[in-house]
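# Architecture and fold: a report
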Amino acid sequence: MVCNKRSIQLRHSINRSCLLLFLLVWVGCGPHYSKTRPEILGRQDQSWDQGWRFVLDDPNGAETVDFNDSDWNLVSLPHDWMIQQIPDINASSGTAGGYYPGGVAWYRKRLSLDREQRQRKATLFLDGAYRQATVYVNGHSLGTRDFGYVSRAYDLSRYLHVGPDNLIAIRVDSSVQPMDRWYSGSGLFRHVHLSLHEPLYIPPYGVTVTTPWITDQQAQIKIRTQLHNDTPDLLPCRLVTQVLSPAGKTIAELASEFSLSPGQQDSIEQQTTFDKPQRWDLDYPELYHVESQVYVNKYLIDESETNFGIRTVAFKPQTGFWLNERPVKLKGVCLHHDGGVLGAAVPRAVWKRRLEILKDMGVNAVRLAHNPHAPEVLELCDELGLLVYDELYDKWRMPWQTEEHWSPEETQQYRQSFVERWQRDIDDFIARDRNHPSVMLWSVGNETMEQLKDPNEGIAILKALVGRVHELDPSREVTCAMHPHGEFPSQLIHHLDVVSYNYQTAAMVELQSKYPTYRWIASETKAVQNEAPADWTTVDFSRNSWFAINDGIAGQFIWSGIDYLGESPGWPSRGFPGGLLETTGFKKPHAYFTESLYRDDPMVHVTVMDSQLAQKRSQAESWQDSWYGPALVDHWTFSDDQIKEVYVFTNAEVVELTLNGESLGQRRLSESPDRILRWQVPYQPGTLKAIAYQEDKIVAEHQLQTAGSVHHLELMRDQKVLKANGQDVAHIEITAVDEDGIRVPGFAQPMEVKVTGVGRLLGLDNGDLCDLSPSDIDTRSARHGQILAMIQSETQSGSIKIQVTTDGLPQIELTLKSQSCD
Ligand code: GAL
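Residues numbered from 1 in each chain as written. Predicted model: local features only at pLDDT ≥ 70, side-chain atom pairs only at ≥ 80, totals over all residues. Heavy atoms only, no water.

## Observations concerning the overall build of the chain
On a plain count of helices and strands, the chain comes out with 10 helices and 48 strands. Against the globule reference of 28 Å for 822 residues, the chain gives a C-alpha radius of gyration of 28 Å, in line with a compact fold. Taking the principal axes of the C-alpha coordinates as reference, the chain spans close to 90 × 65 × 60 Å. Taking all 822 residues of the chain together, the buried fraction comes to 60%. When contacts within the chain are restricted to residue pairs at least 6 apart in sequence, those whose partners lie at least 24 apart make up 72%. Looking at the chain as shown, the accessible area adds up to about 31,600 Å², and 47% of this sits on carbon and sulfur atoms. Distance between charge centres in the chain, computed from 78 positive and 108 negative side chains, equals 5 Å. (Helix = DSSP H or I, 4+ residues; strand = E, 2+ residues; numbered from the N terminus. Rg over C-alpha atoms; globule rule 2.2 N^0.38 Å. Buried < 20%, exposed > 50% of the residue type's maximum accessible area, 1.4 Å probe, protein only. Contact = heavy atoms within 4.5 Å. Areas by Shrake-Rupley, 256 points an atom, 1.4 Å probe, with all protein chains shown as cover. Lys, Arg positive; Asp, Glu negative; His and termini not counted. Charge placed at Lys NZ, Arg CZ, Asp CG, Glu CD.)

## Description of the packing of aromatic side chains
Considering all chains together, one arrives at 34 aromatic pairs under this definition. Across the ring face of Tyr 295, the terminal group of Arg 238 is positioned such that the distance to the ring centre comes to 5.1 Å. Lying across the ring of Trp 322, Lys 316 places its NZ or CZ 3.8 Å from the centre. (Phe/Tyr/Trp six-rings, centres within 6.5 Å; stacked < 30°, edge-to-face > 60°. Lys NZ or Arg CZ within 6 Å of the ring centre and 35° of its normal.)

## A look at the site of the ligand
Around the ligand, the neighbouring residues are Arg 181, His 370, Asn 446, Glu 447, Asn 502, Tyr 503, Glu 524, Trp 559, Glu 567, Phe 576, Trp 623 and Trp 627. Glu 447 places a polar side-chain atom, nitrogen or oxygen, 2.6 Å from an oxygen atom of the ligand. One of the side-chain N or O atoms of Glu 524 is found 2.7 Å from an oxygen atom in the ligand. Protein contact buries 94% of the 300 Å² of open area that the ligand shows by itself. Here the residues of the shell around the ligand sort into 5 nonpolar, 3 polar and 4 charged. (Near = heavy atom within 4 Å. Polar contact = N/O pair within 3.5 Å; in protein donor to acceptor, adjacent residues only side chain to side chain. Nonpolar A, V, L, I, M, F, W, Y, C, P; charged D, E, K, R; others polar.)

## Some thoughts on the sheet that holds strand E19 (residues 313–316)
Strand order in the open sheet formed by 3 strands is E19-E20-E21, with antiparallel pairing between adjacent strands. Each end of this open sheet is capped by a strand with a single partner; those strands are E19 and strand E21 (326–327). By the bridge criterion, 2 bridges tie strand E20 (residues 320–323) to E21 in an arrangement that is antiparallel. By the bridge assignment for E21, Leu 323 is matched with Arg 326. (Pairing = 2+ DSSP bridges.)

## Here we look at the environment of Ser 184
Mapped onto the elements of the fold, Ser 184 is located in the loop between strand E9 (163–173) and strand E10 (192–197). Since its relative accessible area comes to 4%, Ser 184 is described here as buried. Sequence-distant contacts of Ser 184, that is, excluding residues within four places in its chain, are made with Met 82, Tyr 130, Tyr 149, Phe 189, His 337 and Ala 344.

## Considerations on the environment of Asp 266
Locating Asp 266 in the fold gives a position in strand E16 (residues 265–275). Those residues in contact with Asp 266 that lie beyond four places of it in its chain are Thr 225, Gln 226, Leu 227 and Leu 260.

## Some points on the pairing of strand E32 (residues 604–609)
Within E32, 6 of the 6 residues are buried, which leaves the element mostly enclosed by the surrounding structure. Here E32 shows a buried face lined by Val 604, Val 606 and Val 608 and a second buried face lined by His 605, Thr 607 and Met 609. The pairing of E32 with strand E34 (residues 643–650) spans 5 bridges and is antiparallel. Within E34, the position partnered with Val 606 by the bridge is Val 648. With 2 bridges joining them, E32 and strand E33 (residues 632–633) adopt antiparallel strand pairing. Looking at the pairing, Val 608 lines up with Val 633 of E33.

## Observations regarding the side chain of Ser 186
Structurally, the position occupied by Ser 186 is in the loop between E9 and E10. The buried category is assigned to Ser 186, whose relative accessible area is 0%. Beyond its immediate chain neighbours, meaning those up to four positions away, Ser 186 contacts His 79, Asp 80, Trp 81, Met 82, Tyr 107, Tyr 130 and Ser 174.

## Some remarks on helix H3 (residues 348–360)
Under the 1.5 Å per step criterion, the end-to-end length of H3 is 18 Å for 13 residues, consistent within 8% with the ideal 18 Å. Within H3, burial applies to Ala 349, Val 350, Trp 351, Arg 353, Arg 354, Leu 355, Ile 357 and Leu 358. Looking at the packing, one finds that the buried side of H3 touches strand E22 (330–335), strand E23 (365–368), helix H4 (375–384), strand E42 (729–737) and strand E46 (786–793). Backbone geometry just downstream of H3 places Gly 362 in the positive-phi region, at approximately 100°. (Expected span 1.5 Å × (residues − 1).)

## So, the side chain of Thr 583
Of note, Thr 583 is situated in the loop between strand E31 (575–576) and helix H9 (591–598). Polar contacts involving the side chain of Thr 583 include one to the side chain of Asp 765, which spans 2.9 Å. Setting aside residues up to four positions removed in sequence, Thr 583 forms contacts with Gly 340, Arg 354, Ile 562, Asp 563, Asp 765, Gly 767 and Leu 769.

## Observations concerning the sheet that holds strand E45 (residues 779–781)
Read from one edge of the open sheet, 5 strands run E41-E48-E47-E43-E45, paired in mixed fashion. The sheet terminates laterally at strand E41 (721–723) and E45, the two strands that pair on one side only. Adjacent strand axes in the sheet meet at a mean angle of 30° when their direction is disregarded. As judged from the 3 bridges shared by E41 and strand E48 (residues 812–819), these two strands associate in the parallel manner. From the neighbouring strand, Leu 722 faces E48, where its bridge partner is Ser 818. (Axes fitted to C-alpha atoms, helices over the stretch in contact; angles between N-to-C directions.)

## As for the packing of helix H5 (residues 408–433) against helix H7 (residues 455–472)
At a closest axis distance of 10 Å, the pairing of H5 and H7 adopts a crossing angle of 30°. Taken together, the axis directions place H5 and H7 in an arrangement best described as roughly parallel. Crossing of H5 against H7: the hand is right-handed. In contact with Phe 418, Trp 422, Gln 423, Ile 426, Asp 427 and Ile 430 of H5, H7 contributes Ile 461, Ala 464, Leu 465, Arg 468, Val 469 and Leu 472. For the contact of H5 with H7, a count of residues per class yields 9 nonpolar, 1 polar and 2 charged. (Parallel < 35°, antiparallel > 145°, perpendicular 65-115°, else oblique. Left-handed = near helix turned anticlockwise from the far one by under 90°.)

## Considering the nonpolar core
Core analysis: the largest hydrophobic core is formed by 153 residues, its most contacted members being Trp 52, Leu 124, Phe 321, Leu 330, Leu 355, Trp 396 and Met 440. Sort the elements by how many residues they give to this core and H7 lands first, with 7 residues. Within the second largest apolar cluster, 27 residues are counted, among which are Phe 258, Val 294, Ile 301 and Ile 310. (Core = buried A, V, L, I, M, F, W, Y, C linked by side-chain atoms within 4.5 Å.)

So, in structure tokens, the structure goes:
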């Protein structure tokens, strides 16, 4: 990837005149970092996303070098083949998987190596591979890993040869369904990187930075660098570690000399203190940087880059969560890993927009449910100042699937797989994520079956998992989200550093006096009421769990921040519509209620009860009802003249509502126990406006205006210039408006989006989980007058033209630039 920070540029060019001499020395004597050796190449990291051959099938011999894959599709990664299928009411993934079928698929790619490169080591990094991925090198298996969400590295070196045709083949198998309780995606759905490096090297995720103590004046940092010597020589090594400030200034250079015997693996610890540390915090997420270089004699052999942050985190009894020595209430949401029509292959820029929208609403923490997300999501949380509740598992050894889903053999296989893999999963999970300052807490599970069915086994597994996490990262605490059902409190809570309970906030408050030394967190809550209303027109938020959160509870995580695929209420829905945001990132009306609780700066938002929508909801009952927001809309365009229930969300003291300039009276927040300000307003077209006051001064305003008939389309983009790296994404919000630019909420016509130039339409999403049309179409119906187009750059610089058409309205277009960032 052209702009990938991870791709370390070669700092030393090859001295061609010495090449021949070098090859003789090299081939004859093995790696020999001596005077006779020309400059060493160091490490070459490259994105390995492009040029994979793919087939959704399981042909015999697909791992062999000579197998003919010329008729397979050419794809680039991240690639989720599952989202390209049409949901099927009979698919065995069922409601859990959003009716997307599982299956077996293969990916193949060639690696060309010259003689010199062959002497080096090759490491392949898969950021995720769903599921049961078997990696083959020139026909030799490097083993199968069942768990699809964890990032892992493979040493390819043993089976490689000189020549253009080394074959890397990867088989993924997601045919046993339903596997997860949500949409998993399938395939190589995250990035892949290849690294060529010397046999003296820093292994994957081999640098760990911790900050044993921090004061406002000084901070101590400890850097542990692992090194492997796979050469046949005893090597005198020098590790030079530079610490760079957030501004890129070198603030410390540490050098350690040591020798490594053939085959030796060792860890070198370096430490330093420096003055005036700049803290990583929510508003100023300052990131420091470590550059590690390994020398033998004067030759740079390997190098690695690591970001870290300087901050303290603590969970305390009675006072909750502390960041940098001050209490911070966690205003959280839970997130699953998919991106609506993009499935599980979600580019960084798409997550960036989603996380920015949430942060802007006052969200300061995300729970990455329930399995490891892509590394970019954690990088973004570091950069944006969002705290992370980082979770490894949903279920453990006991699957959630019953006999109705799985055969006894499948259940047995799953159990066995957990026993065999958990330690490796944990090791990879912690090694990848431990340098992220955003990660404040590890979670090893969610609502496990053992908790409900066999607590003794649950305790045994929990102790093993927590113990391993502590060994790997003594600097953070460990939790596991407790199931709200079953014995209360669960016996498992006595074996957790921090007790997480889902949907038991009020009950957790009662436990505080019984267990005064325990620390608590509401790992799942509902955004609105606690129970589904019998009548959807009655909105009462007074039992909202946020109101129960006292000083002793660290905070809450709303289920969920964004609608997601899978866990559907039933056909034809592909997903769970209980998010604050739609899959498009558009806010639902009740999201502003959360915003009024979470945001510190003044806000106000008007919404209106839609009685027709309420009636529809009452007719279609589902167990998920209590997660949905009330039947609110944020428009003022109705065809009747009935009295409308108006709900206003604010964090200001007083709000005045006006209709067409006439006051409908003021309401005080302090007089509304559920923090909703209500008016009953006889409908009249025009402008319904809420004016929020604090100490008699206007601090925020919001209005809804009646739309006339649709007149034209408007486009709003989040960026004008894309990086020409084949990954960057611009989001274009397309809105059907009347003559005055007011959104026409009933507009639901198909919109066609054509992209020409150096970009492509990555996805067109309307947020409708019941829209069963294919994921990659260029024409989709608008919803509530809107649709989102995601445009991805290619690797050439130039212009990208986007043209949008819909029947009866003038075509509209927009041009973006795509620029190389070299
Ligand atoms: C919780 C569970 C989540 C999700 C949510 C809504 O119990 O932990 O994964 O399933 O319910 O259905």
